[in-house]
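Tertiary structure, described
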Amino acid sequence: MVPVVHRPSQIEIVEVGPRDGLQNEALIVSTADKLKLIHAAIDAGIRRIEVTSFVNPRKVPQMADAEAVSAGLPERDGVTYIGLVMNERGADRLLATRIHELGAVCVTTDTFAMRNQGQTSEESLAVAKRIVGMAHAAGRRGQITIAASFGCPFEGEVAQDRVVAMARSAAEARPVEIALADTIGVAVPADVERLVARVAEAIAPIPVRVHFHNTRNTGIANVWAAVCAGARTVDAALGGLGGCPFAPGAAGNVPTEDVIYMLQRSGVATGVDLDRLIQGAGWLSSVMEKPLPGMLGRAGTFPKASVQ
Ligand code: ZN
């Protein structure tokens, strides 16, 4: 018997290039180029973008222009901008801008939580819930990401029961969604399938978003496993930029153009124009002064419209 695969007709993409994609890059990108990247994503049809993070600029120099990026964001109907925040001070900074959505981060293990944001795992969860409450009180959206959901660079394996329990607790803050992040790129599709399905059931009707790094070349397979297991939103970065300054060895995010190609050819709509996205990735490669990991820009789409 052919197994029944649950395949949604549509998936939302969050472009995280301007934040997660850039934050680990040594080359400091100008505010103007960050805004061009945001424009390129919007022009390609992406409607939700993680644009910056409100963190200590001494720890993450690439994000020192968070306020300037926020001030330069184009006003577009139907486009939602997300800013990442680790604590109340960051939340205050975000709420002083026009950014629509606060992205809070909690971490599964104490060691990683301490290094990433100077909190224990439980503290990071409590703070995430509190700052989502601050966003709601100010009339903004709030979202919670569980970092290191599939493994920790310092403590190793992370029990799925721990992640499910954190998601259940995070859901009490009524975030627009809960994201499971494979911050260091250790997940494999079988783990993804199980964890996404368990968390989706635990937090329903709140949807699950996923965030994968391609550190071990399993990123795109993980996206497919997550989508078939019920994830509704997928993070990706144009060109496959990305890493994490506090996660040793973490490689780029899954490339937006490669993810879109896979989903669209599989009959999952994303509303994104692939040719424009490839153009954007080419431009970004010139800004970064290096080839980017995304493969579609090199191989091209299929079938090619121009080929007779
Ligand atoms: Zn990441």
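About the criteria used
Residues numbered from 1 in each chain as written. Predicted model: local features only at pLDDT ≥ 70, side-chain atom pairs only at ≥ 80, totals over all residues. Heavy atoms only, no water. Helix = DSSP H or I, 4+ residues; strand = E, 2+ residues; numbered from the N terminus. Rg over C-alpha atoms; globule rule 2.2 N^0.38 Å. Buried < 20%, exposed > 50% of the residue type's maximum accessible area, 1.4 Å probe, protein only. Contact = heavy atoms within 4.5 Å. Areas by Shrake-Rupley, 256 points an atom, 1.4 Å probe, with all protein chains shown as cover. Donors = N, O, S within 2.8 Å, 3.2 Å for Na, K, Ca; no water. Pairing = 2+ DSSP bridges. Right-handed = clockwise from strand over helix to strand, strands pointing away. Core = buried A, V, L, I, M, F, W, Y, C linked by side-chain atoms within 4.5 Å. Salt bridge = Lys/Arg side-chain N within 4 Å of Asp/Glu carboxyl O. Disulfide = S-S within 2.5 Å. Axes fitted to C-alpha atoms, helices over the stretch in contact; angles between N-to-C directions. Parallel < 35°, antiparallel > 145°, perpendicular 65-115°, else oblique. Left-handed = near helix turned anticlockwise from the far one by under 90°. Nonpolar A, V, L, I, M, F, W, Y, C, P; charged D, E, K, R; others polar. Polar contact = N/O pair within 3.5 Å; in protein donor to acceptor, adjacent residues only side chain to side chain.

This brings us to the overall build of the protein. What the protein contains, in helices and strands, is 12 helices and 8 strands. Scaling as 2.2 N^0.38, a compact globule of 308 residues should have a C-alpha radius of gyration of about 19 Å, and the protein matches this with 18 Å. On the principal axes, the C-alpha backbone points of the protein span a range of 60 × 55 × 35 Å. Counting only residues that meet the buried cut, the protein has 57% of its 308 residues in that class. Considering only contacts in the protein between residues 6 or more positions apart, those separated by 24 or more positions represent 74%. By element, 53% of the accessible surface of the protein is carried by carbon and sulfur atoms, the whole surface being about 12,700 Å².

With respect to the element layout, Val-272 can be found in the loop between helix H10 (256-265) and helix H11 (274-288). In this structure, the C-alpha to C-alpha distance between Val-272 and Ala-44, residues 228 residues apart in sequence, is 5.5 Å. Residues contacting Val-272, with those up to four places away along its chain left out, are Ala-44, Gly-45, Ile-46, Ile-260, Gln-264 and Leu-277.

Tetrahedral coordination by four donors sets the ideal angle at the metal to 109.5 degrees; octahedral coordination by six donors sets it to 90 or 180 degrees. Distances from the zinc ion to its protein donors, Asp-20 (OD), His-211 (NE2) and His-213 (NE2), fall at 2.0 to 2.1 Å. By relative accessible area, which is 1% here, His-213 ends up buried.

Turning our attention to the pairing of strand S3 (residues 80-85). Most of S3 sits out of view: 6 of its 6 residues are buried. Bridge count for strand S2 (residues 48-54) against S3 is 6 bridges, and the pairing is parallel. From the neighbouring strand, Ile-49 faces S3, where its bridge partner is Tyr-81. Bridging between S3 and strand S4 (residues 101-107) involves 4 bridges; their strand directions are parallel. The residue bridging Val-85 from the neighbouring strand is Ala-104, located in S4. As a crossover connection, the stretch from S3 through helix H4 (residues 88-95) into S4 is right-handed.

Counting residues in each nonpolar core, the largest one holds 94 residues, and the members touching the most others are Ile-38, Tyr-81, Leu-102, Leu-180, Val-196, Val-208 and Phe-212. For this core, the element with the highest residue contribution is H11, accounting for 7 residues. When sequence neighbours within four positions are dropped, the list of residues in contact with Val-208 reads Ile-178, Leu-180, Val-196, Val-199, Ala-200, Ile-203, Ala-231, Arg-232 and Thr-233.

What follows is about the pattern of salt bridges. Evaluated as defined, the whole model comprises 20 salt bridges. With a closest N to O distance of 3.8 Å, Asp-33 and Lys-36 form a salt bridge. Here Lys-36 and Asp-33 lie together in helix H2 (residues 31-43), a separation of 3 residues that amounts to about one turn. A single network of salt bridges, built from pairs that share partners, joins Glu-12, Arg-19, Asp-20, Arg-48, Glu-50, Glu-101, Arg-141, Glu-177, Arg-209 and Asp-235.

Right, let's get into the side chain of Thr-233. Residue placement: Thr-233 occurs in strand S8 (residues 233-236). Accessibility expressed as a relative area gives 5% for Thr-233, which makes it buried. With sequence-adjacent residues up to four places away left out, Thr-233 is seen in contact with Glu-12, Val-14, Arg-48, Glu-177, Val-208, Arg-209 and Val-210.

This next bit is on H10. By the criterion of burial, H10 is predominantly enclosed, with 7 of the 10 residues buried. Every buried residue of H10 is listed here: Thr-256, Glu-257, Asp-258, Val-259, Ile-260, Met-262 and Leu-263. As for H10, its buried residues are in contact with strand S1 (12-15), helix H9 (219-228), S8, H11 and helix H12 (296-299). Positive backbone phi, approximately 85 degrees, marks Gly-267, located one or two places after H10.

Another aspect to go through is the state of the cysteines. Under the criterion given, the structure shown has 0 disulfides. Unpaired in this structure, Cys-106 has its nearest cysteine sulfur neighbour in Cys-152, at a distance of 14 Å.

The geometry of a pair of packed helices is captured by two quantities: the angle between their axes and the separation between those axes. It is at 9 Å that the axes of helix H7 (residues 160-171) and helix H8 (residues 189-203) come closest, and there the two elements cross at 30 degrees. One finds that H7 runs roughly parallel with respect to H8. Between H7 and H8 lies a crossing of right-handed hand. Here Gln-160, Asp-161, Val-163, Val-164, Ala-167, Arg-168 and Ala-171 of H7 lie close against H8, whose contacting residues are Asp-191, Arg-194, Leu-195, Arg-198, Val-199, Ala-202 and Ile-203. Looking at the contact of H7 with H8, its residues break down into 8 nonpolar, 1 polar and 5 charged.

Relative to the elements of secondary structure, Gln-119 occurs in the loop between helix H5 (110-117) and helix H6 (121-137). Through-space distance from the C-alpha of Gln-119 to that of Val-176 is 24 Å; in sequence the pair is 57 residues apart. The residues contacting Gln-119, other than those within four sequence positions of it, are Met-86, Asn-87, Asp-110, Ala-113, Met-114, Ser-124 and Val-127. Polar contacts involving the side chain of Gln-119 include one to the main-chain carbonyl oxygen of Met-86, which spans 3.2 Å.

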